[in-house]
Amino acid sequence: MPGRPASTIPRSPPRVQHFGTQDLPPERRFAEWSRRFSRLLGYAGLAPSGDGAFEQTLTQVDLGAIRFLRLQGSAIYSRARGGELQDAALRPVQLLMQLGQGATMLTQGREARIGQGDMVLLDAREDFRLMTEPATDLLAVGFPEALVARWLPFAQDVVALRLARGTGWASTLSVYLRSLTAGLLERIESPFEEEIVGEHILSMLCFALAQHGFPMSVGNGVSERDRMLHARMCGWIRDNYSNPDINATKLARQFNVSVRHVHKVFAEAGRGSTFHDVLKHERLEAAVRMLRTARVSRTFIAQIAERCGFSDPAYFGLVFRKAYGCSPGTFLRRGGEAIKAPPAPIASKNKG
């Protein structure tokens, strides 16, 4: 794949956070941990399993819109009602990988018993119960709806389906996920690289599901040439979203095709998404990343709007509110937590 120039927008590395119970008195560990992480991990109704002092560590890595969580320690029983999780709106689809000896998940009337290296999909918007034994060692990867829509439009059909690590593509994906340490993810430097990691995971997941009889979500009669052109166009948008003057005409000139063909490629290879849908999505994703570090970098909202390609801060506020359910200022005050998830950049009737 040809290299792409790095974005000229200064950006912070992915956020890596480590938490643990080791500094708490043993008698307070369970209560404090449950209180602090009930919404993130589904600890409504959590209870420690086994004997001895409760111990737990959590490593959280935010890689753009994708979140990695590694939970290790005492065995647990966790229960959450649909939509209660902090990530339910922004990252509804969670891929769980069991790194320890055993876990059982119950959701939507289905039960999945997963052993070491096995994986299972969870819809965070639905009720679920999770039990680990004899200890906890789980990796959870949360994906935004926009990314899932491109790869797994049938995600609801595969919730709680066990993917065994020793079989075909599931084995390859298991090895890949094990290699994604917090230190490795922290060194990723560009939005393009962030998205590539998500594409890698979901593409291997699609292959693994295909081996279980589920259809691949790519193809649909689109030529290989147009699929590759669509990917290159999206990469160009990703690298140039900060320019307020880019449009479909400039994109057509960049790739030596007609404006009509640009719209055709996005409508077919992009499953109905338009150039404007993708451009708006990239700008909003960049705005979210900048707003989450604005207090540290002391960046004003108007500056963020300009750096994301919005020439009018008022229009930026309008678009942001429509996508996330709150103004950029409210999003900043809420510590980078949206009221609702942005819609997937697909199925727009306006082809600009």
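Source: prediction; values computed, not measured. Within any chain, residue numbers begin from 1 and follow the written order of that chain's sequence. Reporting in this predicted model follows two pLDDT cut-offs: at least 70 for local features of residues, and 80 or more for side-chain atom pairs to be given and counted; totals over whole chains, interfaces and linings ignore these cut-offs and use all residues. Note: side-chain values were computed over all heavy atoms of the structure, leaving out hydrogens and water.

## Remarks on the packing of helix 3 (residues 168-179) against helix 5 (residues 191-210)
Here is step 1 of the chain: Only the stretch in contact is used when fitting a helix axis, every axis being a line fitted to C-alpha atoms; angles between N-to-C directions are given from 0 to 180 degrees. Secondary structure elements follow DSSP: runs of H or I of four or more residues count as helices, runs of E of two or more count as strands, with numbering from the N terminus. Where helix 3 contacts helix 5, the two axes come as close as 8 Å, and the packing angle between them is 155 degrees. What the angle tells us is that helix 3 and helix 5 run roughly antiparallel. Here helix 3 and helix 5 pass one another in a crossing that is left-handed. Facing helix 3, whose interface residues are Trp169, Ala170, Thr172, Leu173, Tyr176 and Leu177, helix 5 presents Val197, His200, Ile201, Met204, Leu205, Phe207 and Ala208.
Here is step 2 of the chain: Within the contact of helix 3 with helix 5, the residues separate by chemical class into 11 nonpolar, two polar and no charged. Here the word oblique covers every angle except those under 35 degrees (roughly parallel), over 145 (roughly antiparallel) and from 65 to 115 (roughly perpendicular). Left-handed describes a crossing in which the near helix is turned anticlockwise from the far one by less than a right angle; the clockwise case is right-handed. Two residues form a contact once any of their heavy atoms are found within 4.5 Å. Gly counts as polar in this scheme, as do all residues outside two lists: the nonpolar Ala, Val, Leu, Ile, Met, Phe, Trp, Tyr, Cys and Pro, and the charged Asp, Glu, Lys and Arg.

## Side note on the environment of Leu122
Here is step 1 of the chain: With respect to the helices, strands and loops of the structure, Leu122 is situated in strand 9 (residues 119-123).
Here is step 2 of the chain: Three exposure classes are used, based on accessible area relative to the maximum for each residue type with a 1.4 Å probe and protein chains only: buried under 20%, partly exposed in between, and exposed over 50%. Here Leu122 falls in the buried class, since its relative accessible area comes to 5%.
Here is step 3 of the chain: In this view, Leu122 contacts Pro92, Val93, Gln94, Leu96, Met105 and Phe128; residues no more than four positions away in its chain are not counted.

## Comments concerning the nonpolar core
Here is step 1 of the chain: We call a set of buried Ala, Val, Leu, Ile, Met, Phe, Trp, Tyr and Cys residues a nonpolar core when their side-chain atoms join them within 4.5 Å. Counting residues in each nonpolar core, the largest one holds 38 residues, and the members touching the most others are Met233, Ile237, Leu251, Phe266, Ile304 and Phe320.
Here is step 2 of the chain: Those elements giving two or more residues to this core turn out to be helix 6 (224-240), helix 7 (248-254), helix 8 (259-269), helix 9 (275-291), helix 11 (301-307), helix 12 (313-324) and helix 13 (328-333).
Here is step 3 of the chain: Counting residues in each nonpolar core, the second largest holds 36 residues, with Leu99, Leu185, Ile188 and Leu202 among its members.

## Brief notes about the environment of Tyr324
Here is step 1 of the chain: Its location among the elements puts Tyr324 in helix 12.
Here is step 2 of the chain: Look at Tyr324 and you get buried, because its relative accessible area is 3%.
Here is step 3 of the chain: Put simply, Tyr324 and Val288 are 36 residues apart on the chain and 9.8 Å apart in space, counted from C-alpha to C-alpha.

## Focus: the pattern of salt bridges
Here is step 1 of the chain: Salt bridges are counted wherever a side-chain nitrogen of Lys or Arg sits within 4 Å of a carboxyl oxygen of Asp or Glu. Counted under the stated rule, the structure contains 12 salt bridges.
Here is step 2 of the chain: One continuous salt-bridge network, built from bridges that share partners, spans Arg15, Asp62 and Arg67.

## Concerning the packing of aromatic side chains
Here is step 1 of the chain: Centres within 6.5 Å make a pair out of two Phe, Tyr or Trp rings, where for Trp the six-membered ring is used; the pair is then stacked when the planes are under 30 degrees apart, edge-to-face when over 60, and tilted otherwise. If you walk through the whole model with that rule in mind, you get 11 aromatic pairs.
Here is step 2 of the chain: Between Phe30 and Phe54, the ring centres sit 5.5 Å apart and the planes meet at 80 degrees, which makes this aromatic pair edge-to-face. On the criterion of sequence distance, the pair formed by Phe30 in helix 1 (residues 26-41) and Phe54 in the loop between strand 2 (47-48) and strand 3 (56-63) is long-range, its members being 24 residues apart.
Here is step 3 of the chain: Phe30 gets classed as partly exposed once you look at its relative accessible area, which sits at 25%.

## Quick notes on the pairing of strand 6 (residues 93-98)
Here is step 1 of the chain: Counting buried positions over the six residues of strand 6 gives six, a clear majority of the element.
Here is step 2 of the chain: Residues Val93, Leu95 and Met97 of strand 6 are buried on one face, and the alternating residues Gln94, Leu96 and Gln98, pointing to the opposite face, are buried as well.
Here is step 3 of the chain: Of the pairings in the sheet, the one linking strand 6 to strand 9 comprises five bridges and is antiparallel in character. Paired with Leu95 across the strands is Leu121, a residue of strand 9.
Here is step 4 of the chain: Relative to strand 11 (residues 135-143), strand 6 is paired through six bridges, and the arrangement is antiparallel. Only when DSSP finds a minimum of two bridges between them are two strands counted as paired.

## Focus on the sheet that holds strand 9
Here is step 1 of the chain: The six strands lie next to each other as 1-3-4-11-6-9, forming an open sheet whose pairing is antiparallel. Each edge of the sheet is formed by a strand with only one pairing partner; in this case those strands are strand 1 (15-20) and strand 9. In this sheet, neighbouring strand axes are inclined to one another by 15 degrees on average, regardless of whether the strands run parallel or antiparallel.
Here is step 2 of the chain: Here helix 1 sits on the sheet and contacts strand 1, strand 3 and strand 4 (66-74); the angle it forms with strand 3, its principal contact strand, is near 35 degrees.

## Here's the deal with helix 9
In an α-helix there are 3.6 residues to a turn, and that puts residues three or four apart on one side.
Here is step 1 of the chain: In this analysis, the expected span of each helix is defined as 1.5 Å times one less than the number of residues it contains. In this model helix 9 runs 24 Å from its N-terminal to its C-terminal C-alpha over 17 residues, within 8% of the 24 Å that 1.5 Å per residue would give.
Here is step 2 of the chain: Think of a polar contact as two N or O atoms within 3.5 Å of one another; within protein, one of them needs to be a possible hydrogen donor and the other a possible acceptor, and neighboring residues in sequence only count if both atoms come from side chains. The N-cap residue of helix 9 is Thr274: its side-chain oxygen and the backbone nitrogen of His276 are 3.3 Å apart.

## Observations concerning the pairing of strand 8 (residues 110-115)
Here is step 1 of the chain: Bridge count between strand 7 (residues 102-107) and strand 8: six bridges; the pairing is antiparallel. Bridge pairing in strand 8 places Thr104 opposite Arg113.
Here is step 2 of the chain: In this structure, the hairpin formed by strand 7 and strand 8 is closed by a connection of two residues, where Gln108 is found at a positive phi of approximately 50 degrees.

## A short note on unusual backbone geometry
Here is step 1 of the chain: For the peptide bond that leads from Glu133 to Pro134, omega is -5 degrees, which places it in the cis range.
Here is step 2 of the chain: Tracing the backbone shows Pro134 in the loop between strand 10 (128-133) and strand 11.
Here is step 3 of the chain: Backbone geometry places Ala160, a non-glycine residue, at a positive phi of 70 degrees.
Here is step 4 of the chain: By the element assignment, Ala160 lies in the loop between helix 2 (145-151) and helix 3.
Here is step 5 of the chain: Even without being glycine, Asn256 reaches a positive phi, approximately 55 degrees.
Here is step 6 of the chain: Looking at where Asn256 falls in the secondary structure, it is placed in the loop between helix 7 and helix 8.

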